[in-house]
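Analysis of the macromolecular model
Residues per chain, in single letters:
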Amino acid sequence: MIPVTKTFLPPIEEYTAQVQRAYDNHWLTNRGELVKELEAKLMTYLGVNNVLIMNNGTIPLQIALKLLGNGGEVITTPFSYVATTAAIVWENCTPVFVDIHPEYLTIDETKIEAAITEKTTCILATHVFGNPCNIEVIDAIARKYNLKVIYDAAHCFGVTYQGKSIFDYGDVSTCSFHATKLFHTGEGGAIFCNDPELFNKIFYSHNFGHNGPLDFHGLGINAKISELQAAMGLAVFPYMEDIILSRQKVVSFYNQNLDFAKILKLKLREDTKWNYSYYPVIFQTEHSLLKVQAALIATEVFPRRYFYPSLNTINYTNGAAMPISEKIASIILCLPLYVGIEEDKLKQIVSIINTEAC
Ligand SMILES: *Cc1c(COP(=O)(O)O)cnc(C)c1O
C-alpha cells in the first residue's frame, strides 16, 4: 500500500533517549527543558529570532485571531485546509473569501481590496503547499487599510522567501508539526511573531494567561506542547536535511518523468527556496482526475484530493461562489511523497498517470 504520505520516524532508541530525559527530569509539561531546547534548535535552523511551539497548528491561528480579529471580518482564502476557515469561525470572526490565483494557488492579491469593509480586521492567507503568497502586495494593502496579516504557514517548514524564513513575514505566522507534515512532533505547531508586545500577549494566551502561579496577565487558553511531543521533535530534528533531500529526489523524479501535456504542476513563486512538502498535480477535468485516481487505487496507491472541497462550499461559511478555487479543488490531486518511497513504485505511479490522464 502506497499512501500519500508516511510519517518519518527516527530510530526508536533516539526517541526513547529523549523521552528518558523527561523521565530523568520528572517533568512532562509546562515548558520543560526539551521544549526550550527544541525552540532554540528551530530558531537556529530556520534563521528566526522568535518562536513559540504549541500543541498543534490550529491553536496558533485561533490565538492570533483572538488577539487580532476582534470578532470582525477576516479576508481569507477558500483554498486551504479546513483549519484555516474553522479557526476564523471558531473565534467568532466572519470569513470573507477572496478567490485564488489559478497557478500559484494562493489568495489572489488583486481581489483583496474589493473585499475590504469597515468591519475587516485581518487578512489570513495560506502559503499553499509551501508556495508563498504575494507577500509584498498583501503587506502594502494591509498597511494602507490598517489591517493585520496572519499567514497560515502550516506547510512551510524550512521555506525561505527572498532569502529569509517565510515565518518572518506577516504580523503573525503559524506552522503545523502534525505527523503528516515535513517536520513533526506527532501533534504540534508553532507561532512566529516579530512584534515583542504581541508576542508577549501570545505567550500569555497560550498558558491560561498565567503571570506566575497567582497572577493573570489576561485571558488565556491551554496551547502548551508537552515534553513527550518535544522529545519526538528533538529525535526527528537531526534528520531534517536528509528528509528534505530525499523528498527532493522524489520531486525530481516526478518532474522528469510525468508527461505534462495533460496535467500541470505547481507554479512556485520566484525567489522561493521550497521544501518539497507536497506534489500536487492539476488535471484538465475532474473526470481525468477520477480516472487516474481509480487506476492508482486499483494498484493500492492512495493519492489525496487536497485541498478538497473549496472551503467556501462548507455549510457553516457564507457560500459566495469562488469559481477558481472550486475548479482547482475539483481537479487537484496530491501524489505520494515521503522518505523511503521506492523508485519502482514511483515508476508505476508515473506510468499510470501518463496513460490514464485525459
Ligand atoms: C495541517 C494544517 C493545519 C492544521 O494543523 P494541525 O497541526 O493539524 O492543527 C492548518 N492549516 C493548514 C494549511 C494545514 O495544512
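A brief report on the enclosed structure follows. Just so you know, these numbers come straight off a predicted model, no measurement behind them. (Residues numbered from 1 in each chain as written. Predicted model: local features only at pLDDT ≥ 70, side-chain atom pairs only at ≥ 80, totals over all residues. Heavy atoms only, no water.)

**A look at the overall build of the protein chain**
To keep it simple, the criterion reads: Elements are defined by DSSP. Helices are runs of H or I of four residues or more, strands are runs of E of two residues or more, and each kind is numbered from the N terminus. C-alpha atoms define the radius of gyration, and 2.2 Å times the number of residues to the power 0.38 defines the globule rule. Accessible area is worked out with a 1.4 Å probe on protein chains only. A residue is then buried under 20% of its type maximum, exposed over 50%, and partly exposed in between. Whether two residues touch is decided by their heavy atoms; if any such pair falls within 4.5 Å, the residues are in contact. His is not counted, nor are the chain ends, whereas Lys and Arg count as positive and Asp and Glu as negative. In plain terms, the charge of a residue is placed at NZ if it is Lys, CZ if Arg, CG if Asp and CD if Glu.
In terms of helices and strands, the protein chain carries 11 helices and 15 strands. In terms of overall dimensions, the protein chain is globule-like: its C-alpha atoms have a radius of gyration of 21 Å, near the 21 Å expected for 358 residues. Reported as C-alpha extents along the three principal axes, the dimensions of the protein chain are approximately 65 × 55 × 35 Å. The buried share of the protein chain, reckoned over its 358 residues, is 56%. For the protein chain, the share of sequence-separated contacts (at least 6 apart) that also reach a separation of at least 24 residues comes to 68%. Charge separation in the protein chain, taken as the distance between the mean sites of 28 positive and 36 negative side-chain charges, equals 3 Å.

**Regarding the side chain of Lys224**
Applicable threshold: By convention in these notes, a salt bridge is any Lys or Arg side-chain nitrogen within 4 Å of a carboxyl oxygen on Asp or Glu.
Looking at where Lys224 falls in the secondary structure, it is placed in the loop between β11 (215-216) and α7 (227-236). No salt bridge is formed by the buried Lys224; the nearest opposite charge belongs to Glu227, separated by 11 Å. Ignoring any residue separated from it by four or fewer positions in sequence, one finds Lys224 in contact with Thr29, Asn30, Asn55, His206, Asn207 and Phe208.

**A look at the sheet that holds strand β9 (residues 189-192)**
The line we're drawing: Any two strands with at least two DSSP-identified bridges between them are counted as paired. The angle between two axes is taken between their N-to-C directions and runs from 0 to 180 degrees, where each axis is a line fitted to C-alpha atoms and a helix contributes only its stretch in contact.
As summarised here, the arrangement of the 7 strands in space is β1-β9-β8-β5-β4-β2-β3, forming an open sheet in which the pairing is mixed. Each edge of the open sheet carries a strand with a single partner, namely β1 (52-54) and β3 (94-97). Strand-to-strand twist of the sheet, defined as the mean angle between neighbouring strand axes without regard to direction, takes the value 25°. Bridging between strand β4 (residues 120-126) and strand β5 (residues 148-152) involves 5 bridges; their strand directions are parallel. Residue Leu124 lies in a different strand from β5, and its bridge partner there is Ile150. Contacting β1 and β9, helix α2 (residues 33-46) runs over the sheet at an angle of about 120° to β1. Along the sheet, helix α3 (residues 59-68) contacts β1, β2 (73-76), β4, β5, β8 (172-176) and β9; its crossing angle with β5, the most-contacted strand, is approximately 175°.

**Quick notes on the nonpolar core**
One recurring pattern in soluble globular proteins: nonpolar side chains tend to sit buried together. So the rule is basically this: The nonpolar core is taken to be a set of buried Ala, Val, Leu, Ile, Met, Phe, Trp, Tyr and Cys residues, with the residues joined through side-chain atoms within 4.5 Å. Throughout the structure description, domain borders are defined by an automatic or database domain assignment.
Of all hydrophobic cores here, the largest spans 96 residues; its most connected members are Phe79, Leu105 and Phe129. Looking at this core element by element, the count peaks at 7 residues for helix α8 (residues 240-257). If you count residues domain by domain, this core takes at least three from each of domain 1 (12-99 + 107-238) and domain 2 (240-356). If you look at the next biggest cluster of nonpolar residues, it comprises 22 residues, including Leu61, Leu68, Ala87 and Leu124.

**Notes on the pattern of salt bridges**
Evaluation of the coordinates by the stated rule reveals 11 salt bridges. Across the pair Lys41 and Glu37 runs a salt bridge whose closest N-O atoms are separated by 3.2 Å. Of this pair, Lys41 and Glu37 both sit in helix α2, 4 residues apart, which is roughly one turn of the helix. Since its relative accessible area comes to 34%, Lys41 is described here as partly exposed. Residue class for Glu37 comes out partly exposed when judged on its relative accessible area of 25%. A salt bridge links Glu356 to Lys291, with the shortest nitrogen-to-oxygen separation between them at 3.3 Å. Separated by 65 residues along the polypeptide, Glu356 in helix α11 (residues 343-356) and Lys291 in helix α9 (residues 286-298) bring together distant segments of the chain. According to the relative accessible area criterion, Lys291 is partly exposed, its value standing at 32%.

So far we have only geometry, and geometry alone does not tell us how the molecule works.
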